[in-house]
Amino acid sequence: MARSSLAFAVLALGWIAGAEALAQPYDPRGAAIIARVAPDAPGYLVQADQALARRHMGLARETLEPAETSFLNARLRGERGLGGAIQAIAQARYAMDRGDVGGARGAIRPLIVASTGGAPVPLPRGPK
């Protein structure tokens, strides 16, 4: 029982952080951090958003995974300032679990804007 309460508390914090992220203006420092520590992540996020727009949940999950891995690996290397990005992806995944496409897109779109400033993003290349 306590474990589910903790999980709910973490998700509630994610929702709050996501709402705050939507209210925040574009910060070029965020884009610079992401470009330096996880340069492929914005492309994966855009692909996930496109898959969500077409309601292809499986593809969206598959493309969120490498973006999240990039952020987690950067955190393991000691990079700071990625908690919001990791939370946004977790929030998107939780929304997809509930079938909430709008919620999933709403979770990652501020991250896309924060990482690109709205500029076009080259999509990552698939495996060779």
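So, how was this worked out
Residues numbered from 1 in each chain as written. Predicted model: local features only at pLDDT ≥ 70, side-chain atom pairs only at ≥ 80, totals over all residues. Heavy atoms only, no water. Helix = DSSP H or I, 4+ residues; strand = E, 2+ residues; numbered from the N terminus. Buried < 20%, exposed > 50% of the residue type's maximum accessible area, 1.4 Å probe, protein only. Contact = heavy atoms within 4.5 Å. Axes fitted to C-alpha atoms, helices over the stretch in contact; angles between N-to-C directions. Parallel < 35°, antiparallel > 145°, perpendicular 65-115°, else oblique. Left-handed = near helix turned anticlockwise from the far one by under 90°. Nonpolar A, V, L, I, M, F, W, Y, C, P; charged D, E, K, R; others polar. pLDDT = per-residue confidence, 0-100. Core = buried A, V, L, I, M, F, W, Y, C linked by side-chain atoms within 4.5 Å. Expected span 1.5 Å × (residues − 1). Polar contact = N/O pair within 3.5 Å; in protein donor to acceptor, adjacent residues only side chain to side chain.

Trainee: Please clarify how the overall build of the protein chain should be interpreted in this entry.
Mentor: Across its full length, the protein chain carries six helices and zero strands. Helices and strands in the protein chain line up, N terminus first, as α-α-α-α-α-α. The buried share of the protein chain, taken over its 128 residues, is 34%. Look at the contacts in the protein chain between residues 6 or more apart in sequence, and 70% of them connect residues 24 or more apart.

Trainee: Would you take a moment to explain the packing of helix α4 (residues 57-76) against helix α5 (residues 83-97) for this structure?
Mentor: The description of two helices packed together rests on the angle between their axes and the distance between the axes. Close contact between α4 and α5 brings their axes to 10 Å; oriented N to C, the two are set at 160°. The pairing of α4 with α5 is recorded here as roughly antiparallel in orientation. The interaxial crossing formed by α4 with α5 has left-handed handedness. Two secondary-structure elements touch here, α4 through M57, A60, R61, L64, A67, E68, F71, L72 and R75 and α5 through G83, A85, I86, I89, A92, R93, M96 and D97. Classifying every residue of the contact of α4 with α5 by side-chain character gives 11 nonpolar, one polar and five charged.

Trainee: When you look at the confidence of the model for the protein chain in this model, what are you seeing that I'm missing?
Mentor: When pLDDT drops low, the exact placement of atoms in the prediction is not to be read closely. Scored by pLDDT, the protein chain has a mean of 78; 67% of the residues are at 70 or more. A low-confidence stretch, residues 10-26 (pLDDT under 50), is modelled with 18 contacts involving residues beyond four sequence positions or located in other chains.

Trainee: Just to check I follow, could you spell out the nonpolar core for this structure?
Mentor: Across soluble globular proteins, you tend to see nonpolar side chains buried next to one another. Core analysis: the largest hydrophobic core is formed by 29 residues, its most contacted members being L45, L52, L64, F71, I89, I108 and L111. Counting only elements with at least two residues in this core, the list comes to α2 (28-37), α3 (41-53), α4, α5 and α6 (101-116). What L64 contacts, discounting residues up to four positions off in sequence, is L45, A48, I89, A92, M96 and I108.

Trainee: Sorry, what's going on with α6 here?
Mentor: The α-helix winds at 3.6 residues per turn, so residues separated by three or four positions along the chain end up facing the same way. Its 16 residues place the ends of α6 22 Å apart at the C-alpha level, agreeing with the 22 Å of an ideal helix rising 1.5 Å per residue. Residue D100 occupies the N-cap position of α6, its side-chain oxygen lying 3.4 Å from the main-chain nitrogen of G102. Of the residues flanking the end of α6, it is G117, one or two places downstream, whose phi is positive at about 70°.

Trainee: Help me understand α5, please; the structure alone is not making it clear to me.
Mentor: If you check α5, its first and last C-alpha atoms are 21 Å apart, about what 15 residues at 1.5 Å a residue would give, namely 21 Å. Considered for burial, the residues of α5 that qualify are A85, I86, A88, I89, Q91, A92, A95 and M96. G99 lies just past α5 and shows a positive phi near 80°.

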